[in-house]
Amino acid sequence: MKISESCIFTIFGATGDLTKRKLIPALFTLHGQNRLPEDFFIVAVGRRDKSNESYMGEMKNFIENELKKTINERDWETFRKRVVYKNIDFNKDEGYEELQKAYSEMDPGRKTKGNRMYYLAVAPEFFEMIIKKLYEHRMLDNKDSWQRVMIEKPFGSDLETAWRLNQSISKMLPEDKIFRIDHYLGKEMIQNILSLRFGNSIFEPIWNEKYIDNVQIVSSETLGVGSRGRYYDKTGIVRDMLQSHILQMLSLIAMEPPASLGPEAIRDEKVKVLKNIRLYDGSDPGKNIVRGQYGEGFTEGAGAPGYRQEEGIPPDSETETFIALKTRIDNRRWRGVPFYIFAGKRLHKKATCVIIYFKDKTVPMFPGSAGHIQQNVLVIRIQPEEGVFFRINAKKPGDGFNFGPVDMNYCHSCLYEDNSPEAYEKLIMGAVNNDASLFTRWDELELSWRFIESIDRMASEGRRDYPNYATGTKGPTEAYEMIERDGRAWWHEKEGKNENI
Ligand code: BG6
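These remarks concern the structure in this document. (Residues numbered from 1 in each chain as written. Predicted model: local features only at pLDDT ≥ 70, side-chain atom pairs only at ≥ 80, totals over all residues. Heavy atoms only, no water.)

Time to look at the packing of aromatic side chains. For the structure shown, the criterion picks out 24 aromatic pairs. Taken together, the aromatic side chains of Tyr232, Tyr294, Tyr307, Phe322, Tyr340, Phe342, Tyr469, Tyr480 and Trp490 make up a single cluster linked through ring pairs. A cation sits over an aromatic face here: Arg47 above Phe126, 5.1 Å from the ring centre. (Phe/Tyr/Trp six-rings, centres within 6.5 Å; stacked < 30°, edge-to-face > 60°. Lys NZ or Arg CZ within 6 Å of the ring centre and 35° of its normal.)

With that settled, the discussion passes to unusual backbone geometry. Both trends apply: most residues other than glycine have a negative phi, and most peptide bonds are in trans. Here the amide bond leading from Gln383 into Pro384 is cis, since omega sits at 0 degrees, within 30 degrees of zero. Secondary-structure assignment places Pro384 in the loop between β15 (377–383) and β16 (387–395). Pro467 follows Tyr466 through a cis peptide bond whose omega is -5 degrees. Looking at the element boundaries, Pro467 is found in the loop between α12 (442–456) and β19 (469–470). If you check the backbone angles, Lys113 has positive phi at about 55 degrees while not being a glycine. By the element assignment, Lys113 lies in the loop between α4 (93–106) and β4 (116–120). Backbone geometry places Glu300, a non-glycine residue, at a positive phi of 45 degrees. (Helix = DSSP H or I, 4+ residues; strand = E, 2+ residues; numbered from the N terminus.)

All right, on to the site of the ligand then. What surrounds the ligand is the set Lys153, His183, Tyr184, Lys187, Glu221, Arg228, Asp240, Met241, His245, Lys345, Lys350 and Gln383. Interatomic distance of 2.8 Å between a side-chain N/O atom of His183 and an oxygen atom of the ligand. Asp240 places a polar side-chain atom, nitrogen or oxygen, 2.5 Å from an oxygen atom of the ligand. Starting from 390 Å² of accessible surface for the ligand in isolation, the protein chains cover 81%. For the shell around the ligand, the leading source of residues is helix α8 (residues 229–254), giving 3 residues. Residues that form the shell around the ligand fall into these classes: 2 nonpolar, 3 polar and 7 charged. (Near = heavy atom within 4 Å. Polar contact = N/O pair within 3.5 Å; in protein donor to acceptor, adjacent residues only side chain to side chain. Areas by Shrake-Rupley, 256 points an atom, 1.4 Å probe, with all protein chains shown as cover. Nonpolar A, V, L, I, M, F, W, Y, C, P; charged D, E, K, R; others polar.)

Before going further, it helps to examine helix α7 (residues 188–198). Across the 11 residues that make up α7, a large majority, 8, are buried. For α7, the full list of buried residues reads Glu188, Met189, Ile190, Asn192, Ile193, Leu194, Leu196 and Arg197. Buried residues along α7 sit against α8, α9 (263–276), β15, β16, α10 (412–416) and α11 (423–432). (Buried < 20%, exposed > 50% of the residue type's maximum accessible area, 1.4 Å probe, protein only. Contact = heavy atoms within 4.5 Å.)

Let us look at the packing of helix α1 (residues 17–32) against α11. If you want to describe how two helices pack, look at the angle between their axes and the distance between the axes. Packing of α1 against α11 leaves a shortest axis separation of 8 Å and a crossing angle of 70 degrees. As judged from the angle between their axes, α1 and α11 are roughly perpendicular. For the pair α1 and α11, the crossing hand works out as right-handed. Along its contact with α1, which presents Leu18, Lys22, Leu23, Ala26, Leu27, Thr29 and Leu30, the element α11 presents Tyr424, Glu425, Ile428 and Met429. Split into classes, the residues belonging to the contact of α1 with α11 amount to 8 nonpolar, 1 polar and 2 charged. (Axes fitted to C-alpha atoms, helices over the stretch in contact; angles between N-to-C directions. Parallel < 35°, antiparallel > 145°, perpendicular 65-115°, else oblique. Left-handed = near helix turned anticlockwise from the far one by under 90°.)

Moving on, we get to helix α13 (residues 477–484). For α13, the full list of buried residues reads Ala479, Tyr480, Met482 and Ile483. Down the axis of α13, the buried side of the element spans an arc of 155 degrees, and every buried residue falls inside it. Residues of α13 that are buried sit in contact with β7 (212–220), β8 (289–292), β12 (322–327), β13 (339–344) and α14 (491–494). (Arc of directions from axis to C-beta.)

Next up on the list: the sheet that holds β4. An order of β3-β2-β1-β4-β5-β6-β18 is seen for the 7 strands of this open sheet, with the pairing classed as mixed. Every other strand in the sheet has two partners, leaving β3 (83–87) and β18 (439–440) as the edge strands with one partner each. The pairing of strand β1 (residues 7–12) with β4 spans 5 bridges and is parallel. Opposite Ile11, over in β4, you have Tyr119 as the bridge partner. (Pairing = 2+ DSSP bridges.)

Take it as geometry only, folks, not as evidence of what the structure does.
Laid out in structure tokens, this is it:
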């Protein structure tokens, strides 16, 4: 896929972490792969005074030394010509006049025709203000061309603030010009959920309560909050991961087949899942939510501080860095099937996966097989390894029917090696090509906040004195007790020692 239309791509927040870690590298890769049209210019807007040269030098340095990627010098030289750094105060009206001047200088022949992508890689409190200024300066409504806005997460901090933000910006921008980012939607294996489910006739007939025992969504990170303490302490794992990435995974796993692969058809089905997700109403206290915060410990062989000792975190912070919960989707397909979620920072292992445990429906015809036939299980490995794992039972060599589990392991990244594009490359291409399927529609977001609000209502649920798990461990013991009470176990606990997984 290529970007088909010329445009000027403006990044607000050009000196921020996201821009150097993800956006500039993604744009550079697209450039190196000839996926950008000739007239595609990038204006990097930051509030620090620096020359174009020093800005691009910093970006290059970061890609080479921090991201450890080799840069093709010739590609970088041509890429550099597409980018201009502008020290602009986006709080001030003059800033927008300067920006328009920069556009005319970059594209004097108006080859980009007025097509503009504005990427808001800034702190959420600036989203509304920047859009308002763009609107007031008539930078969003050029009739002969398109103008779109890409907005990073978090979109609001709860249902009310998200609703207010949306109300305000939708007066200036129609929904189809707003591209709300959830970078998980650009991940290769997240997109593969749809291919797996609907591109294989064997799965759909058994993808329901009759055959599925439980679904687990695990997002285990080894990293802590790093330098993002101030942001994270206001956010916590529920808002940082669950409201966005995890609910997106859950919707894709649980949705009905969409009428087509069009963005609206897919998003309509995801919305239906979120409408049916069971809200917490306090009727089952102490059972379905476990919260946690990491204390000091060891990661990658070295000592690491606890959450409360991280930069920017108050020493008595009650913010959660871990959550495990059980929820359900109240529709016919999923009646009675628990969906377990396990997510945390500073755990023992980096792994994001979705696990589908099937019910044991085998006919009891094999003498002595009791206890040897294992549940079939399908694991969609999102990262760091990308792939699919499927466990079946098969006969062991020799007389009689002795069963043993056989693991079928498909390694997506091994098969396609470096061809798997980074999420941000796909998101940028999607938005510029006006494909909204990788972005969150307002109603999805609204419903996800409704679910989060129900968790907030149970604020004291599953909480005990923090910290309640040490860095580098498997998380709070209560998370394991929660699933054990249902006679089940987390996949990573059961298979923790299996190196092949
Ligand atoms: C971000 C969160 O959206 O996703 C981070 O703000 C989190 O806290 C990150 O670490 C995880 O993304 P990935 O792509 O590394 O799984």
